Amino acid sequence: MKDLFTIGEVSKLFNTNIRTLRYYDGIGLLKPTKVDEKTGYRYYSTKDFERLNTIKYLRTLDMSLENITRFFENKEIDVMEELLISQKKQIKERIDELCRIQTKIDNRLESIGGAKNSSPGKIILKEIDERRAAFLRKDIAITDDLELPIRELERMHDLEPIIFLGKVGVSIDKSKLEKREFTSFSGIFVLVEPSDEKQFSQVHTDTANDSFIKAGEYLTICFHGTHTQAPVYYDKLLTYAEENGYAVCGNSIEITLIDAGLTNEISNYVTEIQIPVCK
């Protein structure tokens, strides 16, 4: 039986890149049995095979080279057990994070699909569940760029910029709605998805900073355009409410479902206005 194997032979036997084997040698993880002083050629023995096989197995479990090195420095059952338990915990955390991302993608696809299939100008009465939101209460002219208030909202609630996509809304106070004053908003908010609830709650341990949009019946209408085109649709909703015996019972919710984050064509924007009503 052959005693020593070249790095090329080991590479083929274990389907491992030669550069990887050289790297393992460089960091002391897998030293060859012999190195020719004249040529620098590396030679490995079958004893090295067992170590390389263990390395490959642990790498398939996505264990770090640092932890693999630690195991070989303390090659005991308890050390391996500890490393595997720790790795399992890390994998579970990554799975949870990927599931959270998948949920966010599903929610976004559902939102886009609903917006694309909406009937512009059609008034619909919807029963909407309670929603968690982070609010910034301030007057914002309807013609103002919302980017600065969004950044202020972000800083106020320690929110990550990524959670804003497709979930930013503005609101008009009930008193202004009743007077049909649509020249300014009374606040800006970002909806907190259920998948972000845990992270948001960890930041906001003081419930005074938390806000909820109440569940209930909402008269809703979608239109193509931005917030600056909204007044005519507010007026349409309020007229419908009066004619059908509904009273405004809260602040409006206005969300751009499709905006500049998804398309350059303003004509493809979809904005929805929701006004809470009661008989």
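Parameters at a glance
Residues numbered from 1 in each chain as written. Predicted model: local features only at pLDDT ≥ 70, side-chain atom pairs only at ≥ 80, totals over all residues. Heavy atoms only, no water. Helix = DSSP H or I, 4+ residues; strand = E, 2+ residues; numbered from the N terminus. Contact = heavy atoms within 4.5 Å. Areas by Shrake-Rupley, 256 points an atom, 1.4 Å probe, with all protein chains shown as cover. Phe/Tyr/Trp six-rings, centres within 6.5 Å; stacked < 30°, edge-to-face > 60°. Buried < 20%, exposed > 50% of the residue type's maximum accessible area, 1.4 Å probe, protein only. Core = buried A, V, L, I, M, F, W, Y, C linked by side-chain atoms within 4.5 Å. Salt bridge = Lys/Arg side-chain N within 4 Å of Asp/Glu carboxyl O. Patch = residues over 30% accessible without salt bridge, like charges linked within 9 Å, V, L, I, M, F, W, Y side chains within 5 Å. Arc of directions from axis to C-beta. Pairing = 2+ DSSP bridges.

Draft legend 1. Representation of the overall build of the protein chain within the structure. Looking only at helices and strands, the protein chain features nine helices and twelve strands. Along the three orthogonal principal directions, the C-alpha set of the protein chain runs to about 95 × 40 × 30 Å. In the protein chain, once contacts between residues fewer than 6 apart in sequence are set aside, the share between residues at least 24 apart is 68%. About 16,600 Å² of surface is accessible on the protein chain, with carbon and sulfur atoms providing 52% of the total.

Draft legend 2. Fine view of the packing of aromatic side chains. On inspection of all chains with the given rule, the structure shows six aromatic pairs. On the basis of an interplanar angle of 70° and a centroid distance of 5.2 Å, the ring pair of Phe14 and Phe49 is categorised as edge-to-face. Taken as a pair, Phe14 in helix 1 (residues 7-14) and Phe49 in helix 3 (residues 46-60) lie far apart in primary sequence, 35 residues in all. You'll find Phe14 and Phe49 in the same group, each marked buried. The interplanar angle of 20° and the centroid separation of 5.3 Å between the aromatic rings of Phe182 and Tyr234 together place this pair among those described as stacked.

Draft legend 3. Quick look at the side chain of Thr220. Turning to its location among the elements, Thr220 is positioned in strand 9 (residues 216-223). Residues in contact with Thr220, not counting those within four places in the same chain, are Lys122, Ile123, Ile124, Lys126, Leu237, Glu272, Ile273 and Gln274.

Draft legend 4. Inspection of unusual backbone geometry at higher detail. Positive phi, normally seen in glycine, also occurs at Asn15, with a value near 50°. Mapped onto the fold, Asn15 is located in the loop between helix 1 and helix 2 (18-26). The phi torsion at Arg180 lies on the positive side, around 55°, for a residue other than glycine. One can find Arg180 in the loop between helix 7 (174-178) and strand 7 (184-191).

Draft legend 5. Fine view of the nonpolar core. One finds Ile188, Tyr234, Ile273 and Ile275 to be the most contacted residues of the largest nonpolar core, which totals 30 residues. Every element with two or more residues in this core is listed here: strand 5 (131-141), helix 6 (147-157), strand 6 (168-171), strand 7, strand 9, helix 9 (231-243) and strand 12 (270-278). Apart from residues no more than four positions distant in its own chain, Ile188 is found in contact with Ala134, Phe135, Leu136, Ile140, Leu146, Pro149, Ile150, Leu153, Val168, Gly169 and Val170. Judged by nonpolar contacts, the second largest core, of 21 residues, contains Phe14, Leu30, Leu65 and Val79.

Draft legend 6. Fine view of helix 4 (residues 65-73). Among the residues making up helix 4, those that are buried are Leu65, Asn67, Ile68, Thr69, Phe71 and Phe72. Where helix 4 is buried, its residues contact helix 2, helix 3 and helix 5 (77-116).

Draft legend 7. Highlighting the pattern of salt bridges. Tallied over the full model, the rule gives 14 salt bridges. Residues participating in the shared-partner salt-bridge network are Asp25, Lys31 and Arg42.

Draft legend 8. A look at a nonpolar patch on the surface. On the surface, Leu98, Ile101, Ile105 and Leu109 cluster together into a nonpolar patch covering about 380 Å² of accessible area. Tracing the backbone through its elements, the reader meets Ile105 in helix 5. The exposure class assigned to Ile105 is partly exposed, which follows from its relative accessible area of 46%.

Draft legend 9. Inspection of helix 1 at higher detail. Of all the residues in helix 1, the buried ones are Ile7, Val10, Ser11 and Phe14. Summarising the axial view, the buried residues of helix 1 lie within an arc of 105°, below the 170-degree limit, and thus occupy one face. Facing away from the buried side of helix 1 by over 90 degrees, the exposed positions are Lys12 and Leu13. Backbone geometry just downstream of helix 1 places Asn15 in the positive-phi region, at approximately 50°.

Draft legend 10. Structural detail: the sheet that holds strand 2 (residues 34-35). Read across the open sheet, the three strands follow the order 1-3-2; overall the sheet is antiparallel. In this open sheet, the two strands that pair with only one neighbour each are strand 1 (5-6) and strand 2. Pairing between strand 2 and strand 3 (residues 42-44): two bridges, direction antiparallel. Paired with Val35 across the strands is Arg42, a residue of strand 3.

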